[in-house]
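# Summary of structural features
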Amino acid sequence: MSFQLDRLAVQLDWNLLRTYMVIVQERSITAAAVRLSVSQPSVSAALRRLEERLELRLVERGSGQNFVITRAGEFVYREALEIYGGVVRLNDLTVNAGQSLSGNVVIYRSSHLEMDHITPVFEEFRQQHPRVTLSIRSSSCHEVSQALQQRVASVGFCTQIDPAILRLRAQPLQAQEFGVYCGPRHPLFRQSPVDPAALAASDVVGYEEDRMAGALSALALWRVRHGVGERFIAAATGVDDLSELIENGTAIGCMARGHALRYGARLWQIPIQAPAPAPLIDVFSLVDAERHMTPVEAALLDHLETAGLAARPIPRSEA
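Residues numbered from 1 in each chain as written. Predicted model: local features only at pLDDT ≥ 70, side-chain atom pairs only at ≥ 80, totals over all residues. Heavy atoms only, no water.

### Here's the deal with the overall build of the protein
When its secondary structure is counted, the protein shows 12 helices and 11 strands. Of the contacts formed within the protein by residues at least 6 apart in sequence, a portion of 74% connects residues at least 24 apart. (Helix = DSSP H or I, 4+ residues; strand = E, 2+ residues; numbered from the N terminus. Contact = heavy atoms within 4.5 Å.)

In C-alpha coordinates form, the structure reads like this:
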(Lines give C-alpha, C1' and ligand atoms only; values in the text may rest on other atoms or scores of the structure.)
Protein backbone atom coordinates (compact mmCIF):
# COMPACT_ATOMS: atom_id res chain seq x y z
CA MET A 1 0.00 0.00 0.00
CA SER A 2 1.32 3.45 -0.98
CA PHE A 3 1.48 6.37 1.41
CA GLN A 4 -0.42 9.59 0.55
CA LEU A 5 2.88 11.42 0.08
CA ASP A 6 3.98 8.82 -2.48
CA ARG A 7 0.76 9.29 -4.45
CA LEU A 8 1.24 13.07 -4.37
CA ALA A 9 4.79 12.78 -5.67
CA VAL A 10 3.61 10.60 -8.56
CA GLN A 11 0.45 12.49 -9.46
CA LEU A 12 1.34 16.15 -8.89
CA ASP A 13 1.97 18.10 -12.09
CA TRP A 14 5.26 19.99 -11.73
CA ASN A 15 3.95 22.74 -14.02
CA LEU A 16 1.41 23.67 -11.34
CA LEU A 17 4.24 24.30 -8.86
CA ARG A 18 6.22 26.25 -11.45
CA THR A 19 3.21 28.43 -12.24
CA TYR A 20 2.61 29.04 -8.54
CA MET A 21 6.28 29.96 -8.07
CA VAL A 22 6.00 32.63 -10.78
CA ILE A 23 2.71 33.93 -9.33
CA VAL A 24 4.38 34.54 -5.96
CA GLN A 25 7.43 36.16 -7.54
CA GLU A 26 5.37 38.49 -9.73
CA ARG A 27 2.72 39.13 -7.03
CA SER A 28 0.17 39.24 -9.83
CA ILE A 29 -1.84 36.72 -11.83
CA THR A 30 -1.66 38.99 -14.87
CA ALA A 31 2.11 39.52 -14.65
CA ALA A 32 2.65 35.79 -14.14
CA ALA A 33 0.62 35.07 -17.28
CA VAL A 34 2.76 37.49 -19.28
CA ARG A 35 6.00 35.95 -17.98
CA LEU A 36 4.81 32.41 -18.72
CA SER A 37 3.35 33.40 -22.12
CA VAL A 38 -0.04 31.91 -21.30
CA SER A 39 -3.51 33.34 -20.73
CA GLN A 40 -4.59 34.80 -17.41
CA PRO A 41 -7.43 32.23 -16.99
CA SER A 42 -4.86 29.44 -17.46
CA VAL A 43 -2.78 30.79 -14.59
CA SER A 44 -5.84 31.17 -12.35
CA ALA A 45 -6.92 27.63 -13.19
CA ALA A 46 -3.46 26.25 -12.41
CA LEU A 47 -3.49 27.95 -9.01
CA ARG A 48 -6.94 26.54 -8.27
CA ARG A 49 -5.91 23.00 -9.30
CA LEU A 50 -2.78 23.16 -7.14
CA GLU A 51 -4.81 24.26 -4.11
CA GLU A 52 -7.29 21.44 -4.72
CA ARG A 53 -4.54 18.85 -5.17
CA LEU A 54 -2.71 19.90 -2.01
CA GLU A 55 -5.93 20.60 -0.11
CA LEU A 56 -4.41 23.87 1.05
CA ARG A 57 -5.35 27.53 0.74
CA LEU A 58 -2.25 29.10 -0.81
CA VAL A 59 -3.46 32.67 -1.32
CA GLU A 60 -6.17 34.87 0.13
CA ARG A 61 -7.79 36.62 -2.79
CA GLY A 62 -8.77 40.27 -2.55
CA SER A 63 -10.34 42.66 -4.99
CA GLY A 64 -9.17 42.45 -8.61
CA GLN A 65 -5.80 40.74 -8.95
CA ASN A 66 -4.66 41.49 -5.39
CA PHE A 67 -3.90 38.61 -3.05
CA VAL A 68 -1.90 37.71 0.05
CA ILE A 69 0.22 34.58 0.35
CA THR A 70 -0.92 32.39 3.25
CA ARG A 71 1.46 30.75 5.68
CA ALA A 72 0.93 27.43 3.90
CA GLY A 73 1.49 29.21 0.60
CA GLU A 74 4.86 30.53 1.78
CA PHE A 75 5.91 27.00 2.76
CA VAL A 76 4.85 25.56 -0.60
CA TYR A 77 6.67 28.38 -2.40
CA ARG A 78 9.94 27.70 -0.57
CA GLU A 79 9.70 23.99 -1.37
CA ALA A 80 8.88 24.75 -5.02
CA LEU A 81 12.07 26.83 -5.22
CA GLU A 82 14.09 23.94 -3.84
CA ILE A 83 12.59 21.55 -6.39
CA TYR A 84 13.15 24.01 -9.24
CA GLY A 85 16.74 24.61 -8.20
CA GLY A 86 17.38 20.88 -7.97
CA VAL A 87 16.03 20.30 -11.48
CA VAL A 88 18.11 23.16 -12.90
CA ARG A 89 21.27 21.81 -11.27
CA LEU A 90 20.88 18.15 -12.23
CA ASN A 91 23.54 18.48 -14.92
CA ASP A 92 25.88 20.18 -12.45
CA LEU A 93 26.05 17.44 -9.84
CA THR A 94 29.55 16.09 -9.38
CA VAL A 95 30.30 12.40 -9.26
CA ASN A 96 32.76 12.00 -6.40
CA ALA A 97 34.60 8.68 -5.96
CA GLY A 98 37.95 10.34 -6.57
CA GLN A 99 37.05 12.23 -9.76
CA SER A 100 38.12 15.84 -10.22
CA LEU A 101 35.65 18.62 -9.64
CA SER A 102 33.41 19.18 -12.65
CA GLY A 103 30.15 20.85 -13.62
CA ASN A 104 28.80 24.18 -14.77
CA VAL A 105 28.34 27.31 -12.67
CA VAL A 106 25.97 30.07 -13.78
CA ILE A 107 26.94 33.63 -12.85
CA TYR A 108 24.70 36.63 -13.42
CA ARG A 109 26.11 40.15 -13.56
CA SER A 110 24.64 43.59 -14.22
CA SER A 111 25.33 44.62 -17.81
CA HIS A 112 26.55 48.07 -16.70
CA LEU A 113 29.02 46.58 -14.20
CA GLU A 114 32.73 46.60 -15.00
CA MET A 115 34.22 43.25 -13.89
CA ASP A 116 37.98 43.71 -14.37
CA HIS A 117 38.82 42.84 -10.74
CA ILE A 118 36.36 39.92 -10.60
CA THR A 119 36.86 38.04 -13.87
CA PRO A 120 40.52 37.11 -13.11
CA VAL A 121 39.31 35.35 -9.94
CA PHE A 122 36.96 33.24 -12.07
CA GLU A 123 39.84 32.38 -14.37
CA GLU A 124 42.02 31.33 -11.42
CA PHE A 125 39.26 28.99 -10.28
CA ARG A 126 38.83 27.53 -13.76
CA GLN A 127 42.56 26.94 -14.07
CA GLN A 128 42.50 25.02 -10.80
CA HIS A 129 39.51 22.95 -11.98
CA PRO A 130 39.81 22.44 -15.76
CA ARG A 131 36.63 20.35 -15.94
CA VAL A 132 34.51 23.18 -14.58
CA THR A 133 32.72 25.45 -17.03
CA LEU A 134 31.34 28.93 -16.33
CA SER A 135 28.26 30.58 -17.83
CA ILE A 136 28.38 34.36 -17.30
CA ARG A 137 25.19 36.19 -18.25
CA SER A 138 24.66 39.95 -18.43
CA SER A 139 21.27 41.33 -17.44
CA SER A 140 19.56 43.99 -15.36
CA CYS A 141 19.95 44.12 -11.57
CA HIS A 142 16.37 42.92 -11.18
CA GLU A 143 17.08 39.90 -13.36
CA VAL A 144 20.21 39.13 -11.32
CA SER A 145 18.06 38.90 -8.17
CA GLN A 146 15.39 36.89 -9.99
CA ALA A 147 17.96 34.39 -11.27
CA LEU A 148 19.19 33.81 -7.72
CA GLN A 149 15.66 33.59 -6.37
CA GLN A 150 14.78 30.95 -8.98
CA ARG A 151 17.97 28.97 -8.23
CA VAL A 152 19.17 29.51 -11.81
CA ALA A 153 22.32 31.41 -10.79
CA SER A 154 24.93 30.38 -8.22
CA VAL A 155 26.20 33.91 -7.57
CA GLY A 156 25.34 37.38 -8.84
CA PHE A 157 27.05 40.75 -9.11
CA CYS A 158 25.01 43.94 -9.29
CA THR A 159 24.65 47.53 -8.11
CA GLN A 160 21.26 47.29 -6.41
CA ILE A 161 19.81 44.90 -3.84
CA ASP A 162 16.17 43.83 -4.00
CA PRO A 163 14.97 44.30 -0.38
CA ALA A 164 11.96 42.05 -1.00
CA ILE A 165 14.16 38.96 -1.34
CA LEU A 166 15.27 38.52 2.26
CA ARG A 167 17.29 35.36 1.82
CA LEU A 168 19.83 36.92 -0.57
CA ARG A 169 23.10 37.59 1.23
CA ALA A 170 24.83 40.71 -0.07
CA GLN A 171 28.58 41.29 0.18
CA PRO A 172 29.59 44.94 -0.41
CA LEU A 173 32.46 45.22 -2.86
CA GLN A 174 34.62 48.11 -3.96
CA ALA A 175 32.48 50.96 -5.30
CA GLN A 176 32.82 51.61 -9.01
CA GLU A 177 33.83 54.99 -10.38
CA PHE A 178 31.91 56.35 -13.33
CA GLY A 179 32.81 59.23 -15.60
CA VAL A 180 30.96 61.59 -17.93
CA TYR A 181 31.85 61.07 -21.59
CA CYS A 182 31.13 62.59 -24.97
CA GLY A 183 32.04 61.88 -28.58
CA PRO A 184 33.67 63.98 -31.36
CA ARG A 185 30.37 65.59 -32.38
CA HIS A 186 29.76 67.13 -28.96
CA PRO A 187 30.95 70.75 -28.49
CA LEU A 188 32.80 69.79 -25.27
CA PHE A 189 34.92 67.13 -27.01
CA ARG A 190 38.57 67.66 -25.94
CA GLN A 191 37.64 70.94 -24.25
CA SER A 192 39.19 71.99 -20.95
CA PRO A 193 38.11 73.81 -18.90
CA VAL A 194 34.46 72.96 -19.44
CA ASP A 195 31.74 75.50 -20.17
CA PRO A 196 29.19 74.83 -17.36
CA ALA A 197 26.31 76.16 -19.48
CA ALA A 198 27.11 73.77 -22.35
CA LEU A 199 27.41 70.86 -19.91
CA ALA A 200 24.09 71.67 -18.27
CA ALA A 201 22.31 72.01 -21.62
CA SER A 202 23.61 68.71 -23.04
CA ASP A 203 21.29 65.84 -23.89
CA VAL A 204 21.96 62.62 -21.99
CA VAL A 205 22.12 58.97 -23.03
CA GLY A 206 22.57 56.11 -20.57
CA TYR A 207 21.65 52.63 -19.49
CA GLU A 208 18.00 51.68 -19.08
CA GLU A 209 18.58 51.54 -15.31
CA ASP A 210 20.06 55.05 -15.29
CA ARG A 211 16.84 56.60 -13.97
CA MET A 212 15.69 58.01 -10.64
CA ALA A 213 13.96 54.75 -9.75
CA GLY A 214 16.50 52.45 -11.41
CA ALA A 215 19.55 50.53 -10.24
CA LEU A 216 21.74 53.44 -11.36
CA SER A 217 19.62 56.11 -9.73
CA ALA A 218 22.77 57.42 -8.03
CA LEU A 219 23.99 58.58 -11.45
CA ALA A 220 20.75 60.38 -12.24
CA LEU A 221 20.79 62.06 -8.82
CA TRP A 222 24.45 63.03 -9.26
CA ARG A 223 23.71 64.70 -12.60
CA VAL A 224 20.85 66.69 -11.11
CA ARG A 225 22.89 67.83 -8.11
CA HIS A 226 25.84 68.98 -10.22
CA GLY A 227 24.01 70.40 -13.21
CA VAL A 228 25.25 67.77 -15.65
CA GLY A 229 22.92 67.27 -18.61
CA GLU A 230 19.35 68.27 -19.26
CA ARG A 231 17.20 65.78 -21.26
CA PHE A 232 17.49 61.98 -21.18
CA ILE A 233 17.00 61.06 -24.86
CA ALA A 234 18.08 57.41 -25.28
CA ALA A 235 18.66 54.28 -23.19
CA ALA A 236 20.84 51.24 -23.92
CA THR A 237 20.84 47.75 -22.40
CA GLY A 238 24.58 47.10 -22.74
CA VAL A 239 27.93 48.86 -22.79
CA ASP A 240 28.49 48.34 -26.53
CA ASP A 241 25.26 50.13 -27.43
CA LEU A 242 25.90 52.92 -24.93
CA SER A 243 29.42 53.59 -26.18
CA GLU A 244 28.11 53.78 -29.76
CA LEU A 245 25.38 56.23 -28.72
CA ILE A 246 27.98 58.49 -27.13
CA GLU A 247 30.61 58.15 -29.85
CA ASN A 248 28.27 58.71 -32.79
CA GLY A 249 25.85 61.19 -31.26
CA THR A 250 25.78 64.64 -29.73
CA ALA A 251 24.79 63.62 -26.19
CA ILE A 252 26.83 62.93 -23.07
CA GLY A 253 26.64 59.73 -21.02
CA CYS A 254 27.92 58.16 -17.82
CA MET A 255 29.94 54.93 -18.02
CA ALA A 256 32.25 52.95 -15.77
CA ARG A 257 35.76 54.23 -16.43
CA GLY A 258 37.06 50.75 -17.21
CA HIS A 259 34.33 50.25 -19.80
CA ALA A 260 35.06 53.61 -21.40
CA LEU A 261 38.75 52.77 -21.79
CA ARG A 262 37.96 49.41 -23.35
CA TYR A 263 34.97 50.15 -25.57
CA GLY A 264 35.12 53.84 -26.35
CA ALA A 265 37.94 54.39 -28.82
CA ARG A 266 36.80 57.95 -29.46
CA LEU A 267 35.29 58.83 -26.10
CA TRP A 268 36.42 61.91 -24.24
CA GLN A 269 36.04 62.04 -20.47
CA ILE A 270 34.66 65.46 -19.70
CA PRO A 271 36.76 66.98 -16.87
CA ILE A 272 34.17 67.83 -14.24
CA GLN A 273 35.64 70.45 -11.96
CA ALA A 274 35.56 70.36 -8.15
CA PRO A 275 33.56 70.42 -5.94
CA ALA A 276 31.72 67.76 -7.95
CA PRO A 277 33.35 64.39 -7.08
CA ALA A 278 33.36 61.52 -9.53
CA PRO A 279 30.10 59.54 -9.34
CA LEU A 280 30.56 56.34 -7.34
CA ILE A 281 28.20 53.36 -7.65
CA ASP A 282 27.92 50.73 -4.92
CA VAL A 283 28.64 47.15 -6.01
CA PHE A 284 27.50 43.92 -4.33
CA SER A 285 27.85 40.20 -4.78
CA LEU A 286 24.70 38.20 -4.05
CA VAL A 287 24.32 34.61 -2.87
CA ASP A 288 21.17 32.72 -1.92
CA ALA A 289 21.65 31.97 1.77
CA GLU A 290 19.20 29.05 1.65
CA ARG A 291 20.43 27.37 -1.53
CA HIS A 292 21.64 23.77 -1.46
CA MET A 293 25.06 24.07 -3.09
CA THR A 294 26.52 21.49 -5.43
CA PRO A 295 30.20 20.68 -4.79
CA VAL A 296 31.33 22.86 -7.70
CA GLU A 297 29.20 25.79 -6.51
CA ALA A 298 30.52 25.46 -2.96
CA ALA A 299 34.10 25.35 -4.24
CA LEU A 300 33.61 28.48 -6.36
CA LEU A 301 32.05 30.40 -3.48
CA ASP A 302 34.91 29.36 -1.21
CA HIS A 303 37.30 30.70 -3.84
CA LEU A 304 35.37 33.98 -4.12
CA GLU A 305 35.18 34.29 -0.34
CA THR A 306 38.95 33.92 -0.08
CA ALA A 307 39.30 36.74 -2.60
CA GLY A 308 36.86 38.90 -0.60
CA LEU A 309 34.25 38.82 -3.36
CA ALA A 310 31.43 36.82 -1.74
CA ALA A 311 30.18 35.38 1.53
CA ARG A 312 29.32 31.70 1.25
CA PRO A 313 26.20 30.76 3.23
CA ILE A 314 26.40 28.11 5.92
CA PRO A 315 24.76 24.87 4.70
CA ARG A 316 21.61 23.89 6.57
CA SER A 317 23.32 20.75 7.79
CA GLU A 318 25.90 22.94 9.56
CA ALA A 319 23.53 25.66 10.80
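Here the narrative resumes, following the displayed structure.
### Description of the pairing of strand β6 (residues 168–182)
Note that β6 and strand β11 (residues 280–288) share eight bridges and pair antiparallel. Directly across from Arg-169, in β11, lies its bridge partner Val-287. Pairing analysis gives four bridges linking β6 to strand β9 (residues 252–256), with the strands arranged antiparallel. Note that in β9 the partner of Phe-178 across the bridge is Ala-256. Inspection of the sheet shows β6 paired to strand β10 (residues 268–269) by two bridges, in the antiparallel sense. Within β10, the position partnered with Tyr-181 by the bridge is Gln-269. (Pairing = 2+ DSSP bridges.)

### Focus on helix α7 (residues 141–149)
Extensive coverage of α7 is indicated by the burial of seven of its nine residues. Within α7, the full set of buried residues consists of Cys-141, Val-144, Ser-145, Gln-146, Ala-147, Leu-148 and Gln-149. Downstream of α7 by one or two residues, Arg-151 has phi in the positive range, about 65°. (Buried < 20%, exposed > 50% of the residue type's maximum accessible area, 1.4 Å probe, protein only.)

### With respect to the nonpolar core
The biggest cluster of nonpolar side chains holds 37 residues, and the ones touching the most others in it are Tyr-20, Ile-23, Leu-47, Leu-58, Val-59 and Tyr-108. Every element with two or more residues in this core is listed here: α2 (14–26), α3 (29–36), α4 (40–54), β2 (67–69), α5 (71–88), β3 (103–110) and α7. The element that contributes the greatest number of residues to this core is α2, accounting for seven residues. Leave out the neighbours within four places in its chain, and Val-59 touches Tyr-20, Leu-47, Glu-51, Phe-67, Val-68, Ile-69 and Thr-70. Listed in part, the 28 residues of the second largest apolar core include Val-180, Cys-182, Val-228 and Ala-256. (Core = buried A, V, L, I, M, F, W, Y, C linked by side-chain atoms within 4.5 Å.)

The analysis is restricted to geometry; functional conclusions fall outside its scope.
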